[in-house]
Amino acid sequence: MTTSKKKQTAKPKSPLFTVTLPPAAASFPIVGIGTSAGGLEALELFLGHVPKESGMAFVVVQHLSPNHVGNLPELLQRSTAMKVQQVNDAVRVEPDSVYVIPPNKDMTISNRTLHLQKPDVKHGLRLPIDTFLRSLAADCGERSIGVILSGMGSDGTLGMCAIKEQGGLTLVQEAASAKFDSMPKSVENAGFADIIAPAEALPAKIVEYLNYATTCWAADQKHRDKEQSHFDRITTILKARTRHDFSLYKPSSVYRRIERRMSVHKIDTIAEYARFLEKNAQEVELLFKELLIGVTSFFRDAAMWKELQVEALPKILAAYPAGGALRAWSCGCSTGEEAYSLAMLFREALDQNAQPDNYTLQIFATDLDADAIDKARRGLYTVRIEADVSPERLQRFFIKEEGNYRVCREIREMVTFAQQNAIMDPPFTRLDILLCRNLLIYLTTDLQKQLLPLFHYSLKPGGLLFLGSAETVGSQIDLFSAATVKSKLFWRSKNVVHNGLISFPTSLPSTASVLSHQESLMFKTADNLQTLADGLILQHFSAPTVLVNDQGDILYISGRTGKYLEPAAGKANMNIFAMAREGLQYKLDSAFNKVIRQSEPVTVRGELAGSDNRLQAVDMTLMRIETPEALRGMVLIAFRDVTLPPKARRRRTGMLPDSSRTDAVEQELLKYREDLRITREEMQAAHEELKSTNEELQSTNEELQSTNEELTTSKEELQSMNEELQSVNSEQSNRLDEFMQVNSDMENLLNSTEVVTIFLDNHLQVRRFTCGANRLFKLIPGDVGRPLTDIVSNLNYPELYEHVQDVLRKLISVENQVTTSDGRWFLVRIMPYRTSDKRINGVVITCNDITAAKKVEDELRAEIARLKMQKAG
């Protein structure tokens, strides 16, 4: 797909699309649009292609300078016929309207009402798009739609993740068509984009999705119960390919994700989607990933973590007065944020303990998603965590790396990550703390009743269970007691004893066995095709019949069909549409498309030229097969000659008095049909040409109008781009200033000590030296990178290089007093160079002038010797 490089300001379109929404007034979709100040062109293209009566509301959230005073609503109003307004506080969202965030404000939505808040972070670190999209996901659920257009940074990625987790739709502008592709690429690389297309194509994608999704939203439980067999079929396919049994999850949760994938592919029924899934291994993986989407963050539900820190952890540590090794399990850890949050709280709790060195905590963090576990092991997170982690914790527990945050080694070493299926695999035991947050809500009640006794068994007496904000222990109050009335912290009861084995599945059939069973069914089906087809044909038809697949390829023929079918010229082709004789093709094609979409048989009538040049009416009956399973989705096509009534025959034969007259009429008829076909094609071509010419004229007119509008908007765009550049430049300047300040402090510190210092790398090459080093070593700035052996020294220290090698090898410091060629004394100390994360990265040589001390020492020795001689005399 190509996009024009010339800016085209979109104009309001006529309502080419219609969306059939549920009758409830409050059920209309709300589309959240995230872009930066420089994404005006993409925003105009997007809104310009939305029909006036779309039945949707659009909320635009931009990065704006706190002092920005712009006219974005006025600019957007030119591109759309919908009402565009800047948001004031507590605005009720209405359909067919566009709402724009004002400068220097954060915005959320609750009960379909927009609320404004004053930002609580400084300029450059705000994430207004994430803030709004997260609230949109929480408020609208599966009816929420997120769109990310051209923009810099990564704002919006977490918000799109929240929408996807709720079952909503996420769309991203194609990076190639975006002026600034950082925001679209961030969402795409994170795997949260359902649809990727140019800005002007996204509205049509939304309308297509809604036309299918509304059917799923309106589906009731009775309708889903009727489709249970197809649902079981899908879970069986997932189980065979992934070894994970999603039939144990709440059907409503799984149904919602399946229906969302059906809407993306525009598939009407779950039966069709099950067949689509069987033929597309990639879709199985996408559905599996969809079911595993987990939203998590550091210290999610901050009040609960505060209760854990203030009330629970001190109580757990008090149970070990002499210290001990504690164990914890984070079940369903996703990308590791909650496991690391627990480690940080434990470290802070030890700071308040009198004997912190006597305690250790080993956290086992597990999840079903292997990709999430890999990310958790890396411990690398984007700057977006600044919204969830306090500056004090960021400084203490994280290391800044190229604009990201990496969890420090101390915290990472407390957590062990592993891929595990909590439903099928054995649990960890002898635990002091068990985190299982926002997992039970997706599981059936029966499975929850099996898991909670298992958690009770895994915890030590008095151990702690930490659940999510929407989870409880249900009827298992004899196993756990809540810390407070509304708390999600539950203490394990100490007086409950398990009298038998806990019922819990521990294995799944191997993928190989399942697949081999499917393969055997496939071979068995191939062997019995003739028997099954003959049985169906005898049951429904007695006329010549053909069995075809859903593409029209002939699989089996019963009876004499040569009158209706003939091999096509050229390369052999066994497709029904290629072999159907003239007079049957058009009717057969339309009937086939109709029967594929419905379950009822379809009968159409065509005409064939007989051997006596008379027309023969032929009825074609098409029936889609539902049973047996081996033939599901195939189509039976039966051909039956139809005898016309005598009166009709007389009317036809009366027009044909003799053989010659018949030949002439038939030739005229064929010629007429051919002329009609040619005329129709010419008219179609002329219509297309006129349509193309009209579109070109309209485009030319729009370009002429947009030229004038571009002059008006250029100042606004330049101001927006200037603000982005100023913001980026400010961040870079701050980082450069910090680096230069640290560098200056270090240089002043080293120079103020007047201690000669030389830094060597692991290859014993000069990396850095202080300004006084040239008094002892023949060093100039160009010597950086040269080996130590190439540097001439005034020190009488021939063993210097050998001692440096020993220090690097043994990691033991060496200290010697040596003289120089001019009689001065220096204390030479050689030490390993240790980085902040305890790695050895070279050697440090320091030379401290001790000439004065040596002189005093010599004078004292001389005085002592003199006194001894006097005493002896």
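1. Considering the overall build of the protein
So, step 1. Of the regular secondary structure elements, the protein holds 25 helices and 30 strands.
So, step 2. Expressed as a percentage of the 873 residues in the protein, the buried residues total 44%.
So, step 3. By sequence separation, contacts in the protein at least 24 residues apart represent 66% of the contacts at least 6 residues apart.
So, step 4. Accessible surface for the protein amounts to roughly 45700 Å². Of this, 52% is attributable to carbon and sulfur atoms.

2. Observations regarding helix H14 (residues 370-378)
So, step 1. Turning to H14, its buried residues are Ala372, Ile373 and Ala376. Each buried residue of H14 lies within a common arc of 100° when the element is viewed along its axis, so the set occupies one face.
So, step 2. Among the structural elements, helix H13 (337-351), strand S12 (359-367), strand S13 (380-381) and strand S16 (415-419) are those in contact with the buried residues of H14.
So, step 3. Where H14 begins, the side chain of Asp369 points an oxygen toward the backbone nitrogen of Asp371, at a separation of 3.0 Å.
So, step 4. Positive phi appears at Gly379, one or two residues downstream of H14, with a value of about 65°.

3. Some words on the state of the cysteines
So, step 1. A full pass over the atoms with the stated rule returns zero disulfides.
So, step 2. Cysteine Cys436 remains unbridged, with the sulfur of Cys331 as its closest cysteine sulfur at 4.3 Å.

4. Focus on the sheet that holds strand S8 (residues 144-148)
So, step 1. In space, the seven strands of this open sheet follow the order S3-S5-S2-S1-S8-S9-S10, with parallel pairing throughout. Only two strands of the sheet have a single partner each, and these edge strands are strand S3 (83-86) and strand S10 (195-197). This sheet shows a mean twist of 20° between the axes of neighbouring strands, independent of strand direction.
So, step 2. Bridging between strand S1 (residues 30-35) and S8 involves five bridges; their strand directions are parallel. Its bridge partner being in S8, Ile30 is matched across the sheet by Ser144.

5. Regarding the nonpolar core
So, step 1. Leu308 and Phe398 are the most contacted members of the largest nonpolar core, which totals 47 residues.
So, step 2. It is H13 that provides the largest number of residues to this core, a total of nine residues.
So, step 3. Residue contacts for Phe398: discarding those within four places in its chain leaves Phe298, Met344, Ile385, Val389, Arg393, Tyr405, Arg406, Val407 and Cys408.
So, step 4. By size, the runner-up hydrophobic cluster in this structure holds 46 residues, among which are Val254, Trp329, Phe364 and Leu454.

6. Regarding the pairing of strand S9 (residues 169-173)
The side chains of a regular strand alternate between the sheet's two faces.
So, step 1. For S9, the buried fraction is high: five of the five residues fall into the buried class.
So, step 2. Residues Leu169, Leu171 and Gln173 point to one face of S9 and Thr170 and Val172 to the other, with burial holding for every one of them.
So, step 3. Bridge count between S8 and S9: four bridges; the pairing is parallel. If you follow Gly146 over to S9, its bridge partner there is Thr170.
So, step 4. In this fold, S8 hands off to helix H4 (residues 157-165), which returns the chain to S9; that crossover is right-handed.
So, step 5. Bridge analysis of S9 against S10 gives three bridges, and the strand direction is parallel.

7. Regarding a nonpolar patch on the surface
So, step 1. Taken together, Leu736, Phe739 and Met740 make up a surface patch of nonpolar side chains, about 330 Å² in accessible area.
So, step 2. Looking at the element boundaries, Met740 is found in helix H23 (residues 659-752).
So, step 3. A relative accessible area of 47% means that Met740 is categorised as partly exposed.

8. A look at the confidence of the model for the protein
So, step 1. Residues of the protein with pLDDT of at least 70 account for 80%, and the chain-wide mean is 78.
So, step 2. Looking over the protein, one finds the lowest element-wise mean pLDDT in helix H18 (residues 511-527), namely 39, and the highest in H13, namely 93.
So, step 3. Low pLDDT, under 50, characterises residues 504-527; the stretch is placed with 28 contacts to residues that sit more than four places away or in other chains.

9. Points about the packing of aromatic side chains
So, step 1. If you walk through the whole model with that rule in mind, you get 16 aromatic pairs.
So, step 2. Grouped by ring-pair contacts, the aromatic residues Phe298, Tyr340, Tyr381, Phe398, Tyr405 and Phe417 constitute a single cluster.

10. Observations regarding the packing of helix H8 (residues 228-242) against helix H10 (residues 270-279)
So, step 1. Where H8 contacts H10, the axes come no closer than 9 Å and their chain directions differ by 20°. Considering their axes alone, H8 and H10 lie roughly parallel with respect to each other. Two packed elements cross with a definite hand, and for H8 against H10 that hand is left-handed. Between H8 and H10, the residues in contact are His230, Phe231, Arg233, Ile234, Ile237 and Arg241 and Ile270, Ala271, Tyr273, Ala274, Arg275, Leu277 and Glu278, respectively.
So, step 2. Residues that form the contact of H8 with H10 fall into these classes: eight nonpolar, one polar and four charged.

11. Section: the pattern of salt bridges
So, step 1. Inspection of the entire model under this criterion finds 28 salt bridges.
So, step 2. Ionic pairing is found between Glu566 and Arg581, a salt bridge with its closest N-O pair at 3.1 Å. Of the two residues, Glu566 is situated in the loop between strand S22 (554-558) and helix H20 (576-579) and Arg581 in the loop between H20 and helix H21 (585-597); the sequence distance between them amounts to 15 residues.
So, step 3. Note on Glu566: relative accessible area 36%, which makes it partly exposed.

12. A short note on the sheet that holds strand S26 (residues 756-760)
So, step 1. What the five strands build is an open sheet, ordered S27-S26-S30-S29-S28; its pairing is antiparallel. Pairing within the sheet leaves two strands with one partner each, and these edge strands are strand S27 (766-769) and strand S28 (814-819). Each neighbouring strand pair of the sheet contributes to a mean axis angle of 20°, computed without reference to strand direction.
So, step 2. Relative to the sheet, helix H24 (residues 800-810) contacts S26, S28, strand S29 (825-834) and strand S30 (840-849), its axis offset from that of S29 by approximately 30°.

Rules used throughout
Residues numbered from 1 in each chain as written. Predicted model: local features only at pLDDT ≥ 70, side-chain atom pairs only at ≥ 80, totals over all residues. Heavy atoms only, no water. Helix = DSSP H or I, 4+ residues; strand = E, 2+ residues; numbered from the N terminus. Buried < 20%, exposed > 50% of the residue type's maximum accessible area, 1.4 Å probe, protein only. Contact = heavy atoms within 4.5 Å. Areas by Shrake-Rupley, 256 points an atom, 1.4 Å probe, with all protein chains shown as cover. Arc of directions from axis to C-beta. Polar contact = N/O pair within 3.5 Å; in protein donor to acceptor, adjacent residues only side chain to side chain. Disulfide = S-S within 2.5 Å. Pairing = 2+ DSSP bridges. Axes fitted to C-alpha atoms, helices over the stretch in contact; angles between N-to-C directions. Core = buried A, V, L, I, M, F, W, Y, C linked by side-chain atoms within 4.5 Å. Right-handed = clockwise from strand over helix to strand, strands pointing away. Patch = residues over 30% accessible without salt bridge, like charges linked within 9 Å, V, L, I, M, F, W, Y side chains within 5 Å. Salt bridge = Lys/Arg side-chain N within 4 Å of Asp/Glu carboxyl O. pLDDT = per-residue confidence, 0-100. Phe/Tyr/Trp six-rings, centres within 6.5 Å; stacked < 30°, edge-to-face > 60°. Parallel < 35°, antiparallel > 145°, perpendicular 65-115°, else oblique. Left-handed = near helix turned anticlockwise from the far one by under 90°. Nonpolar A, V, L, I, M, F, W, Y, C, P; charged D, E, K, R; others polar.

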